Structures are given as structure tokens and as C-alpha cells.
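# Structural features, examined
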Amino acid sequence: MKIPALIDCHVHFREPGLTHKADMETESAAAFAGGVHTVCEMPNTNPPATSVEAFQDKVERAKRIKNVDVRFFFGITELPHLEGLRAVWADPALRARCCGVKIYFDHSTGNQGASADVIAEAFRVCGELDIPLVAHCEDAHMNDEAKRVVTQDIGGSGVALHSLHRPPGSEAQAIEHAIRLARQHGTPFHVAHLSTMQGIDLVRGAKAEGLRITCEVAPHHLFLSTQDYGTLGTLGKMNPPLREADHQRVLWEGIADGTVDCISTDHAPHTLQEKQIDNPLDAPSGVPGVETMLPLLLTVAAGGWPHPRGERCIESFTIDDIVRLCFANPNRIFRLGKDGSDVITIDSDAQWAITANQLHSKCGWTPYEGWKVRGKVV
Ligand SMILES: [Zn+2]
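In this report, we go over the structure that sits alongside the text. Quick caveat: nothing in here was measured; it's all calculated off a predicted structure. (Residues numbered from 1 in each chain as written. Predicted model: local features only at pLDDT ≥ 70, side-chain atom pairs only at ≥ 80, totals over all residues.)

Another aspect to go through is the overall build of the chain. When its secondary structure is counted, the chain shows 15 helices and 11 strands. Overall, the C-alpha framework of the chain stretches about 55 × 50 × 45 Å when taken along its three principal axes. Counting every position in the chain, which comprises 378 residues, the buried fraction comes to 51%. Summarising the internal contacts of the chain: among those between residues at least 6 apart in sequence, 78% fall at separations of at least 24. (Helix = DSSP H or I, 4+ residues; strand = E, 2+ residues; numbered from the N terminus. Buried ≥ 20, exposed ≤ 12 C-beta atoms within 10 Å, placed from the backbone. Contact = placed C-beta atoms within 7 Å.)

If you walk across this open sheet you meet the 3 strands as β1-β10-β11, and the pairing is antiparallel. At either end of the open sheet lies a strand with only one pairing partner, and these are β1 (2-4) and β11 (372-377). If you compare each strand with its neighbour and ignore which way they point, the axes differ by 45° on average. Two strands pair when backbone bridges link them, and strand β10 (residues 343-353) and β11 are joined in this way by 5 bridges, in the antiparallel orientation. When the bridges of β11 are listed, Ala 353 appears paired with Lys 372. Helix α14 (residues 293-301) rests against β10 and β11 of the sheet, and its axis sits at about 115° to β11. (Pairing = 2+ DSSP bridges. Axes fitted to C-alpha atoms, helices over the stretch in contact; angles between N-to-C directions.)

What follows concerns the nonpolar core. Among the nonpolar cores identified, the biggest contains 98 residues, and Val 101, Ile 103, Ala 122, Leu 133, Ala 135 and Ala 178 are the most heavily contacted of them. Leave out the neighbours within four places in its chain, and Ile 103 touches Ile 76, Ala 114, Ile 119, Ala 122, Leu 133 and Ala 135. (Core = buried A, V, L, I, M, F, W, Y, C linked by C-beta atoms within 7 Å.)

So, about the packing of helix α8 (residues 168-185) against helix α9 (residues 197-208). In contact at an axis separation of 8 Å, α8 and α9 are set at 20° when each is read in the N-to-C sense. Classed by the angle they form, the pair α8 and α9 counts as roughly parallel. Crossing of α8 against α9: the hand is right-handed. Contact with α8, carried on its side by Pro 168, Glu 171, Ala 172, Ile 175, Glu 176 and Ile 179, involves Gln 198, Gly 199, Leu 202 and Ala 206 of α9 and no other residues of that element. A class-by-class count of the residues in the contact of α8 with α9 yields 6 nonpolar, 2 polar and 2 charged. (Parallel < 35°, antiparallel > 145°, perpendicular 65-115°, else oblique. Left-handed = near helix turned anticlockwise from the far one by under 90°. Nonpolar A, V, L, I, M, F, W, Y, C, P; charged D, E, K, R; others polar.)

So, on to the pairing of strand β8 (residues 213-217). Taking burial as the measure, the 5 residues of β8 include 5 buried ones, the bulk of the element. Of the two faces of β8, the one holding Ile 213, Cys 215 and Val 217 and the one holding Thr 214 and Glu 216 are both buried throughout. For strand β7 (residues 189-191) and β8, the ladder comprises 3 bridges, and the chain directions are parallel. If you follow Val 191 over to β8, its bridge partner there is Cys 215. The β-α-β motif built from β7, the intervening α9 and the parallel element β8 has right-handed crossover chirality. Note that β8 and strand β9 (residues 262-263) share 2 bridges and pair parallel. Paired with Val 217 across the two strands is Ile 263, which belongs to β9. (Right-handed = clockwise from strand over helix to strand, strands pointing away.)

Counting through the fold element by element, Ala 268 comes out in the loop between β9 and α13 (272-275). Distance from Ala 268 to Gly 155, taken between C-alpha atoms, is 28 Å for residues 113 residues apart in sequence.

Before going further, it helps to spend a moment on helix α3 (residues 81-90). Buried within α3 we find His 81, Leu 82, Leu 85 and Val 88. Buried residues along α3 cover an arc of 115° about the axis, so they all sit on one side. In α3, the exposed positions that point more than 90 degrees away from the buried face belong to Glu 83 and Ala 90. Structurally, α3 contributes buried residues whose contacts are with α2 (52-62), β4 (69-75), α4 (92-95), β5 (98-104) and α5 (116-129). (Arc of directions from axis to C-beta.)

Taken together, 8 strands build an open sheet; the order of strands is β2-β3-β4-β5-β6-β7-β8-β9 and the sheet is parallel. Because the sheet does not close on itself, it has two edges, and the strands there are β2 (6-11) and β9. Direction of pairing for β2 relative to strand β3 (residues 36-41): parallel, over a ladder of 4 bridges. Bridge assignment links Ile 7 to a residue of β3, and that residue is Thr 38. Against the sheet, α5 makes contact with β5 and β6 (133-136), and its axis sits at roughly 160° relative to β5, the strand it touches most. Running over the sheet, helix α15 (residues 319-333) touches β2, β7, β8 and β9 and is turned about 65° from β2.

Let us look at the environment of Thr 214. In this fold, Thr 214 is placed in strand β8. Taking the C-alpha atoms as reference points, Thr 214 and Leu 181, separated by 33 residues in sequence, lie 14 Å from one another.

Attention now moves to the packing of α3 against α5. For the pair α3 and α5, interaxial distance at closest approach is 11 Å and the crossing angle is 20°. Between α3 and α5, the crossing angle belongs to the class labelled roughly parallel. Crossing handedness for the pair α3 and α5: right-handed. Contacts from Leu 82, Leu 85 and Trp 89 in α3 reach Glu 121, Ala 122, Val 125 and Leu 129 in α5. Here the contact of α3 with α5 is built from residues that sort into 6 nonpolar, no polar and 1 charged.

Geometry only, nothing functional implied.
See the structure below:
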């Protein structure tokens, strides 16, 4: 069967500056092989896409990528970056490549955390110019405090502590803060990689209130939980972290009732060497996912479940849901202007096992190694 080529509205392709992990060519090949022909790439490269020059450089680099349409988020970590944003938005050629603004409430790869006044000003300007604003929602102070208490009371160095260092309440606090700002400034606001039941409740409430709020969830939060640290080790370390299985079930409820608008991968490759550092808690956060999203979801649409030990979390899920979550909604939210005429052909009966050596990302590993899936891009 044929469906529109998918959109992944949250990827990190690491170019420029971090190309030992990944680059636009390798990761676009991974996207294309996974049925994803449009991606929205995040600003935490080196240099970060927080100035007109850095943004323009990424747009120029993307011109050599022919089979994947790479759009870019503009990053805001300091007040002067908002002037750069205004300049990009005023330039038709650059604006056409800009899918919105990304801000971080907490530090992740690239130390892009912004202070409260910068965050508030970004919501105000994006409200004024009607620019989609995406936020990584974790409260930096709550995370710092949780880490301090856990280190003092429990100690140890196991990677599972990562989930205790970044508790669900931290995400809820940041989303609440963001919703207040979006309400105040009329900002079109999108929650990145929402991972908790509290987050789902907050977004559901904000939508009921009529605010312009949308959200995405990532395959690793839909298919993995803290129970997977034993198998994955640091390959299961990402931000926000893996959650207890009860959160995972509520994310699927959010998909079923329409609270969740998009599934996007937060494709964030690091090398195996970087991941397999001596102290697990020092390993960089992030997992690849752009090539494996569609087969994982097609397996659910075929009535199965890809996790070798996991239980199915949703009753009814169809290929139409995949098209809604991974094409129609991100296309609308980020105004990508896709008409659906670029299609992919799917063999929904093909059964195969995911193995990293068949995948195209430069990083050479996947958290879904050996998983049996049903459905493949032809
Ligand atoms: Zn990300």
C-alpha cells in the first residue's frame, strides 16, 4: 500500500561540528530508508543555529541533500538571538527553511539551557510573530535537586539512576510554566518528547481550554521503560529519561484520545564509544530512531507489539493513525506545506528483525537490536 512519505519533526543530524556522531548525508539516508522524507532538525549543533549566519550555513549545507527535505529550528539561548530570529523570519528564503523555534528549559546536548527571562521573551516574540515554539520541558532546578538527594541517599553509579535524577515532576513543572507563558502571549506552543502521565494531563487540559498547544511523543518512550535499563545500559540513556511502565501506558492513551499530536523520534545519535564510557551516568544522552519509527509503528498497526517482552499498550491503532501522527499533524503544526503527493510504498506483511548493521545512521547501533517487526518500506 501507499501512504504519504513521513515527517519526523524532531531530529538531531549533528552537522556542523559534531560530524563524528552523524552528518546530514548519513542521517538523511537513514531517514529515507525509514520512509521519512521530511525532517525538522534541532539547533544544538556546533556552532548552534542561534544566529542568522549559523542558520544560513545549515540551509546551505542541506542543499546537497536531494531525497530528504531538511528544515531547521532556530535556537534561542540568549536575548540577542531573538534579533537573529526576527532577521530569519523577515527573509523569505530563510523563513521557508525555518520550521520554528526550539528552546530548552534544561541543559541537554550542547548546553542550550536558557534562563527564565530569555524563555519568557522567546514566548512573547513567537506569540507576536506567530512562530511555532517547541520546548524541551524539564525543570533544571528540580533535576538538580533530585540528583543531589539521590546521590546523597542512594549513591551508586548505575545508569538507572538517570531516571531518578530527572523525575516526572520536573517535566510537569516545566510544561505548566510553558503553558502559562503560551496563555499569556498567545504563542503556538509544542511540547517536545512528552514522556509522563502528568504531561499528558496538562496538555489535555490546555487543549480543553482552547490554547494553541500541541505535543509529540518519541518511540523510545512508547516502547521502552525503566525495565529496559538492564538490557540496554547506557544505550537506554536519553532526556527526558526512560519512565516507569505506567507512564508508557498513559502516552498510548494520549495517542488514542488525540491528546498526542505527533510521534517524532528525537533521533540523537552518539558513537558507541561515547555511550560506553566508564561511568554510565557520564554517557551522553540520546538514541537514534529515525529509521526504525515506521517499522515499530507498523508492527502495532498489524496487531502486534515489537518489544520482545513488552505488552501491547493500545487496543486500536491503524495505518491511518500513523499518517495522522507522522504526516498530517506535523505538516500542519510546523506549516511544512507538504501536499502528500510524495508517497512511500509499504509491504505491511514483511517480517524482519531490526539489526544495526542494516541501518544507515553513522552511529552504528540501535536500542531495538533484534526486535522482530512487521511492515517495511519497499
Ligand atoms: Zn532532541
